[in-house]
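Working through the structure, step by step
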Amino acid sequence: MLNLPMLTRAPLHTQPFRWGRITELYSPADAAALVATYPRDSFKTVSGYGGEKDYEYQARQLVEMGTGRIIHEQHLSPAWRRLASELTAPDYRLALSTLTDMDLRNAPMEVNVFHYGPQACLGPHPDLGDKLVTHILYFNDSWNIEDGGCLNILGSADPTDVVAVIPPLVGTSAVLVRAENSWHAVTQVVANCQTSRRSMTVTFYRPGSLSSMWPSGDQSSLHNYEPAHD
């Protein structure tokens, strides 16, 4: 399903930090299947305002941190089960290692999927220091950038210091190599947006790290994602 050669074909940008945009990750048929059956079960609300960064979105665990176990697999479509399996395979890790020139073959990894509904956002931030590489994949078949919900690569903590804008279109992805200056943000989805912004993050961590998204003993209530419009 994953077009792994596309992950190693183009070098990463080096400014303002190491990042890349990779497209054409799936065949048209696979892309359509992933869009049509994007998960809606077992999400929790994640939000915080007034701290280091503002954020609000819906998150679902797909692959458990460090174990490779696919979570709530029984609720996934065949296309999503296949994608989850490929993300846990050695070939995917090797492709990301080649692209980033970092050995990720044994790094702890987790995968989460997200709905960003109306007014959801993720403020400017570099990733936490325990992260090595994040691969962000998108699953909207169309998107108006005026609706927000785009990944902005930033030159600094200033949200207007925009270096690149990446819309959440299926087949498109972004790779971010964590650094002290790896500033990025997701612009706020407008209040009247007709669909959610749909993304998945595959995150590779330093040895010994723990999941900040799903900490041990997390008792968050899970719910199905019920969009207001779509």
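For the protein chain, an unreviewed UniProt entry supplies the name Prolyl 4-hydroxylase alpha subunit domain-containing protein and the organism Pseudomonas fluorescens. Quoted verbatim from the Cofactor (unreviewed entry) heading of the UniProt record, the comment on the protein chain is "L-ascorbate".

Side note on the side chain of K44
Among the secondary structure elements, K44 is positioned in strand β2 (residues 44-48). Looking at K44, its side chain comes within polar contact range of the side chain of D218, at 2.7 Å. In contact with K44, other than residues within four places in its own chain, are Y57, Q58, A59, M213, W214, D218, S220, S221, L222 and H223.

Quick word on the pairing of strand β6 (residues 131-138)
One face of the sheet, then the other: side chains in a regular strand alternate in exactly this way. With eight of eight residues buried, β6 is to be regarded as a mostly interior element. Two strands pair when backbone bridges link them, and β6 and strand β11 (residues 197-205) are joined in this way by seven bridges, in the antiparallel orientation. Directly across from H135, in β11, lies its bridge partner V202. Across five bridges, the pairing between β6 and strand β9 (residues 173-177) is antiparallel.

Describing the nonpolar core
Core analysis: the largest hydrophobic core is formed by 40 residues, its most contacted members being Y26, W80, L83 and M200. Counting residues per element, this core draws most heavily on helix α3 (residues 78-87), which supplies five residues. For W80, the contacting residues outside a window of four places in its chain are L34, T37, Y38, P39, L62, V113, F139 and M200. Counting residues in each nonpolar core, the second largest holds 14 residues, with Y57, A120, V186 and V189 among its members.

Considering unusual backbone geometry
Here Q15 and P16 are connected by a cis peptide whose omega angle stands at -5°. Positionally, P16 belongs in the loop between α1 (4-9) and β1 (19-22). Even without glycine at this site, S42 takes up a positive phi of about 60°. Tracing the chain through its elements places S42 in the loop between α2 (28-36) and β2. By relative accessible area, S42 is classed as buried at 13%. Here the phi dihedral of Q119 falls at roughly 75°; this positive angle occurs in a residue that is not glycine. Looking at the element boundaries, Q119 is found in the loop between β4 (109-116) and β5 (121-125). Owing to a relative accessible area of 45%, Q119 belongs among the partly exposed residues under this scheme.

How each quantity is defined
Residues numbered from 1 in each chain as written. Predicted model: local features only at pLDDT ≥ 70, side-chain atom pairs only at ≥ 80, totals over all residues. Heavy atoms only, no water. UniProt positions renumbered as here; feature names shortened; annotations may be inferred. Helix = DSSP H or I, 4+ residues; strand = E, 2+ residues; numbered from the N terminus. Polar contact = N/O pair within 3.5 Å; in protein donor to acceptor, adjacent residues only side chain to side chain. Contact = heavy atoms within 4.5 Å. Buried < 20%, exposed > 50% of the residue type's maximum accessible area, 1.4 Å probe, protein only. Pairing = 2+ DSSP bridges. Core = buried A, V, L, I, M, F, W, Y, C linked by side-chain atoms within 4.5 Å.

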